[in-house]
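Observations on the three-dimensional arrangement
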Amino acid sequence: MVAPAPPPRTVRCLILGAGPAGYTAAVYAARALLNPVLICGLTPGGQLTITTDVENYPGFAEVIQGPWLMDQMREQAQHVGTEVINDIVVAADLSSRPFALTCDSGQTWLAETLIIATGAEAKWLGLESEKKFQGFGVSACATCDGFFYRGKSVVVAGGGNTAVEEALFLTKFAAKVTLVHRRAELRAEKILQERLFANDKIEVIWDHAVDEVLGAEDPLGVTGVRLRHVASGAVRDLACDGLFVAIGHAPASELFKGQLAMDGAGYLDVAAGGASTAIKGVFAAGDVTDHIYRQAVTAAGMGCMAALDAVRLLAEEDHAAAHHPITHAEAEKIGTW
Ligand SMILES: Cc1cc2nc3c(=O)[nH]c(=O)nc-3n(C[C@H](O)[C@H](O)[C@H](O)COP(=O)(O)OP(=O)(O)OC[C@H]3O[C@@H](n4cnc5c(N)ncnc54)[C@H](O)[C@@H]3O)c2cc1C
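As the structure is a computational prediction, the values presented were derived from the model and not from experiment.

Calculation rules
Residues numbered from 1 in each chain as written. Predicted model: local features only at pLDDT ≥ 70, side-chain atom pairs only at ≥ 80, totals over all residues. Axes fitted to C-alpha atoms, helices over the stretch in contact; angles between N-to-C directions. Helix = DSSP H or I, 4+ residues; strand = E, 2+ residues; numbered from the N terminus. Parallel < 35°, antiparallel > 145°, perpendicular 65-115°, else oblique. Left-handed = near helix turned anticlockwise from the far one by under 90°. Contact = placed C-beta atoms within 7 Å. Nonpolar A, V, L, I, M, F, W, Y, C, P; charged D, E, K, R; others polar. Near = placed C-beta within 6 Å. Domains from an automatic or database assignment. Core = buried A, V, L, I, M, F, W, Y, C linked by C-beta atoms within 7 Å. Buried ≥ 20, exposed ≤ 12 C-beta atoms within 10 Å, placed from the backbone. Pairing = 2+ DSSP bridges.

Remarks on the packing of helix α1 (residues 20–31) against helix α2 (residues 66–79)
- Where α1 contacts α2, the two axes come as close as 8 Å, and the packing angle between them is 20°. One element, α1, and the other, α2, form an angle in the roughly parallel class. The chirality of how α1 crosses α2 is left-handed. On the side of α1, the interface is formed by Pro 20, Tyr 23, Ala 26, Val 27 and Ala 30, while α2 contributes Met 73, Arg 74, Gln 76 and Ala 77.
- Among the residues forming the contact of α1 with α2, the class breakdown is 7 nonpolar, 1 polar and 1 charged.

In structure tokens, the structure reads:
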């Protein structure tokens, strides 16, 4: 017999996502006594759990590990009073307040305010070997990991703006950057292409796909990539120290299609300089709204903004509710009836 669904729970602030944006929002909401509930989704800790060294999150003189940083964030959020729930939101109804969110477990949450911090996922090539070396020579973020490739040789896979920008950025550190693209021309904007072709550290290999990541076991690390010509199928190995996969990102905004405004790629629209969406009481923060910066610290900053916006809205509403609605006589007096 199927167990009946648990009764809905009402919360003042529900946070979706256990990455830097979600945990930071939780810290601020908890310290404002909103008793927030944070739902983790499939990847508690978010994208930083699939990387190793993090050297650009402020506050740490030493290199720290992504999964460790996310454990610290979770503990901090819980310490100040956040309830962290291991569940996945599978349906959202934002048509009226409180908003109704249903989880995979069957639990429904009724939220006075909602902070969407569901992040984004880097798109990967889908190779077993790529997965094996993630964080050990395979990355999807040049801003994050480029620094570790000083004087080394790296391959960038992709042909759009992201790939070209990543390749150009990597020339600051790497001795050699090889861009591998499946087609005979790039999709990137012309101005980026000009910069790419003018850079003598960059070589482009056309019409090839990365078929496999080659590496060493001890210590685990990338030593090269196997390339396949897309037309002839001919295979060749290229030595390198790292592979940057730059074939795009997918924001986790599917649940909100048709309910919240988003751009063509699915990034949620928020008000300039803030975290409010067009629906009062719904805020968004981090990589799910941001296709430009995509950093842990920017996501954390946006999480803080979203929580402060939610706190302010609830305080205004509480204040308004605490005052009696004006009477007929009062309204007549001030001429608004
Ligand atoms: C390989 C790699 C290395 C990186 N290295 C660095 C670095 O060194 N420094 C740096 O600053 N940045 C780095 N980044 C970028 C950084 O990880 C992201 O910018 C940051 O994690 C974004 O935070 P976020 O909270 O917006 O989302 P995410 O970290 O993407 O977290 C999203 C959260 O939402 C949850 N979620 C999704 N859907 C649902 C749902 N339906 N219900 C409930 N929860 C849901 C997920 O489970 C997850 O917990 C790296 C990224 C990658 C991929």
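Details of the environment of Val 297
- Tracing the sequence through the fold places Val 297 in helix α7 (residues 296–322).
- When the C-alpha positions of Val 297 and Glu 112 are compared, they lie 27 Å apart, and in sequence the two are 185 residues distant.

A word on the site of the ligand
- Residues in contact with the ligand amount to 41 residues; listed here are only the nearest, Gly 19, Gly 41, Gly 46, Gly 119 and Gly 286.
- Secondary structure elements with two or more residues in the shell around the ligand: α1, β9 (120–122) and α7.
- Tallied by class, the residues present in the shell around the ligand amount to 25 nonpolar, 14 polar and 2 charged.
- The residue makeup of the shell around the ligand includes at least three contributed by each of domain 1 (9–121 + 249–322) and domain 2 (128–245).

A word on the nonpolar core
- In this structure, Ala 25, Ala 29, Ile 115, Ala 285 and Ala 306 are the most contacted members of the largest nonpolar core, which totals 57 residues.
- Sequence-distant contacts of Ala 29, defined by excluding residues within four places in its chain, comprise Cys 13, Ile 15, Leu 34, Pro 36, Ala 307, Ala 310 and Val 311.

Quick notes on the environment of Asp 241
- Note that Asp 241 resides in the loop between β16 (235–239) and β17 (242–245).
- On the basis of neighbour counts, which here come to 19 C-beta atoms within 10 Å, the residue Asp 241 falls in the partly exposed class.
- C-alpha separation for the pair Asp 241 and Val 225, spaced 16 residues apart in sequence, amounts to 9.3 Å.
- Ignoring any residue separated from it by four or fewer positions in sequence, one finds Asp 241 in contact with Gly 137, Tyr 149, Lys 152, Ser 153, Val 154 and Val 222.

Describing the sheet that holds β17
- On the basis of which strands lie adjacent, the open sheet formed by 5 strands has the order β10-β17-β11-β12-β13 and parallel pairing. Edge positions in the open sheet fall to β10 (138–139) and β13 (202–205), since each of these has one partner strand only.
- Bridge count for strand β12 (residues 176–180) against β13 is 4 bridges, and the pairing is parallel. Directly across from Val 177, in β13, lies its bridge partner Ile 202.
- The strands touched by helix α5 (residues 161–170) are β11 (153–157), β12, β13 and β17; relative to β11, the strand with the most contacts, the crossing angle is about 170°.

Looking at the packing of α1 against α7
- Interaxial distance between α1 and α7 falls to 7 Å at its minimum, and their mutual angle equals 35°. Read as a crossing pair, α1 and α7 show a hand that is right-handed. In this structure, α1 uses Pro 20, Ala 21, Gly 22, Thr 24, Ala 25, Tyr 28 and Ala 29 to contact α7, whose residues at the interface are Ala 296, Ala 299, Ala 300, Met 302, Gly 303, Cys 304, Ala 306, Ala 307, Leu 308, Ala 310 and Val 311.
- Here the residues of the contact of α1 with α7 are counted per class, giving 15 nonpolar, 3 polar and no charged.

Section: the sheet that holds β16
- As summarised here, the arrangement of the 3 strands in space is β14-β15-β16, forming an open sheet in which the pairing is antiparallel. Looking at strand neighbours, the two that pair on one side only are β14 (208–217) and β16, the edges of this open sheet. Pairs of neighbouring strands in the sheet enclose a mean axial angle of 30°, with direction left out of account.
- In the sheet, strand β15 (residues 220–229) pairs with β16 via 5 bridges, with the strands oriented antiparallel. Opposite Val 225, over in β16, you have Leu 238 as the bridge partner.

Regarding unusual backbone geometry
- Residue Arg 97 is joined to Pro 98 through a cis peptide bond whose omega torsion reads 0°.
- Counting through the fold element by element, Pro 98 comes out in the loop between β6 (89–93) and β7 (99–103).
- Cis geometry marks the peptide bond from Asp 218 to Pro 219, where omega comes out at 0°.
- Inspection of the secondary structure assignment puts Pro 219 in the loop between β14 and β15.
- The backbone phi angle of Asn 35 is positive, close to 45°, even though this residue is not glycine.
- Its location among the elements puts Asn 35 in the loop between α1 and β2 (37–39).
- Given 13 C-beta atoms within 10 Å, Asn 35 falls into the partly exposed group.

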